[in-house]
Amino acid sequence: MTTAICPGSFDPITLGHVDIICRAAEIFDEVVVCVMHNAAKKSPMFTLEEKLSMARRAVEGYKNVRVDSYDTCDGLLAEYAKRFEHPVVVKGLRAASDFDYEFQMNMINKCLNPAVETMFLTASERYTFLSSSIVREVAQYGAELKGLVPDAIIPDIEEKAKQWR
Ligand code: PNS
């Protein structure tokens, strides 16, 4: 079975992430959304449990999609991929500026685990501007989150943003 792994820090998951995950679900037998740690991103807004809870609600209803984490979020993606028969990491590219980082990640993952393939899906046009950091900023100003993240997780983000203000 070929498994798409959609890894990310998901702080929080956005409609741009959901778009990539759902398109991967049309292509692959199964999709695993894996909440992981990005060493370059300090001070996350949400805990691992909160990220998992939001991601699970965001993909509810997609039968071949599930949400997971690895080593309480601190493990290597290349190691996590070893539990799948044919792992394919699927990442979204919003703009050329995403490419350098994702290309480097693809190379290190391949180096650490040669069985891992990486595929890129280009972001849908309406989400090319969208990122978790933009969502966090919008939320901290108390502005409207509809259309940026799944409706089901808007209250979580608004509540957390109030604590951060
Ligand atoms: O949503 P992000 O922050 O762009 O996702 C990046 C992520 C979490 C997928 C990446 O940082 C990652 O793979 N983290 C796990 C640790 C790892 O395998 N690092 C690369 C090799 S050192």
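Summary of the structure given here. Predicted model only: the values in this text are computed from it and were never measured. (Residues numbered from 1 in each chain as written. Predicted model: local features only at pLDDT ≥ 70, side-chain atom pairs only at ≥ 80, totals over all residues. Heavy atoms only, no water.)

1. Some details on helix α4 (residues 96–112)
Helical geometry note: an α-helix holds 3.6 residues per turn, so side chains three or four residues apart project in the same direction. Here α4 spans 25 Å end to end across 17 residues, near enough to the 24 Å set by a 1.5 Å rise per residue. Those residues of α4 not exposed but buried are D98, E102, N106 and N109. Looking at the buried residues of α4, the elements they touch are α3 (77–80), β4 (86–93) and β5 (117–122). (Helix = DSSP H or I, 4+ residues; strand = E, 2+ residues; numbered from the N terminus. Expected span 1.5 Å × (residues − 1). Buried < 20%, exposed > 50% of the residue type's maximum accessible area, 1.4 Å probe, protein only. Contact = heavy atoms within 4.5 Å.)

2. A short note on the packing of helix α5 (residues 132–140) against helix α6 (residues 154–164)
Two numbers describe how α5 lies on α6: the axes approach to 9 Å, and their chain directions differ by 65°. As judged from the angle between their axes, α5 and α6 are roughly perpendicular. Considering the relative orientation of α5 and α6, their crossing is right-handed. Judged by residue contacts, V135, A139 and Q140 of α5 engage I157, A161 and W164 from α6. (Axes fitted to C-alpha atoms, helices over the stretch in contact; angles between N-to-C directions. Parallel < 35°, antiparallel > 145°, perpendicular 65-115°, else oblique. Left-handed = near helix turned anticlockwise from the far one by under 90°.)

3. Let's talk about the site of the ligand
Inspection of the region around the ligand gives 14 residues, with S9, H37, N38, K41 and L77 positioned closest. Between an oxygen atom of the ligand and a side-chain N or O atom of S9, the distance comes to 2.5 Å. Interatomic distance of 2.8 Å between a side-chain N/O atom of N38 and an oxygen atom of the ligand. Coverage of the ligand by the protein amounts to 80% of the 550 Å² it exposes when considered alone. Elements with a contribution of two residues or more to the shell around the ligand: β1 (2–8) and α4. The residue inventory of the shell around the ligand, partitioned by class, reads 7 nonpolar, 5 polar and 2 charged. (Near = heavy atom within 4 Å. Polar contact = N/O pair within 3.5 Å; in protein donor to acceptor, adjacent residues only side chain to side chain. Areas by Shrake-Rupley, 256 points an atom, 1.4 Å probe, with all protein chains shown as cover. Nonpolar A, V, L, I, M, F, W, Y, C, P; charged D, E, K, R; others polar.)

4. Digging into the nonpolar core
Core analysis: the largest hydrophobic core is formed by 40 residues, its most contacted members being I13, I21, V31, V90, L145, V149 and I157. For this core, the secondary structure elements donating two or more residues are β1, α1 (15–27), β2 (30–35), α2 (48–58), β3 (65–69), β4, α5 and α6. The element that contributes the greatest number of residues to this core is α1, accounting for 7 residues. If you look at the next biggest cluster of nonpolar residues, it comprises 11 residues, including I5, C34, Y70 and V89. (Core = buried A, V, L, I, M, F, W, Y, C linked by side-chain atoms within 4.5 Å.)

5. Topic: the pattern of salt bridges
Inspection of the entire model under this criterion finds 11 salt bridges. Linking D19 and R23 is a salt bridge whose minimum nitrogen-to-oxygen distance equals 3.0 Å. Taken together, the positions of D19 and R23, both in helix α1 and 4 residues apart, correspond to about one turn of that helix. For D19, a relative accessible area of 14% gives the class buried. Across the pair R57 and D156 runs a salt bridge, and its minimum N-O distance is 2.6 Å. Placement of the pair is R57 in helix α2 and D156 in helix α6, with a sequence separation of 99 residues. A residue is classified by how much of its surface remains accessible, and R57, at 27% relative accessible area, is partly exposed. (Salt bridge = Lys/Arg side-chain N within 4 Å of Asp/Glu carboxyl O.)

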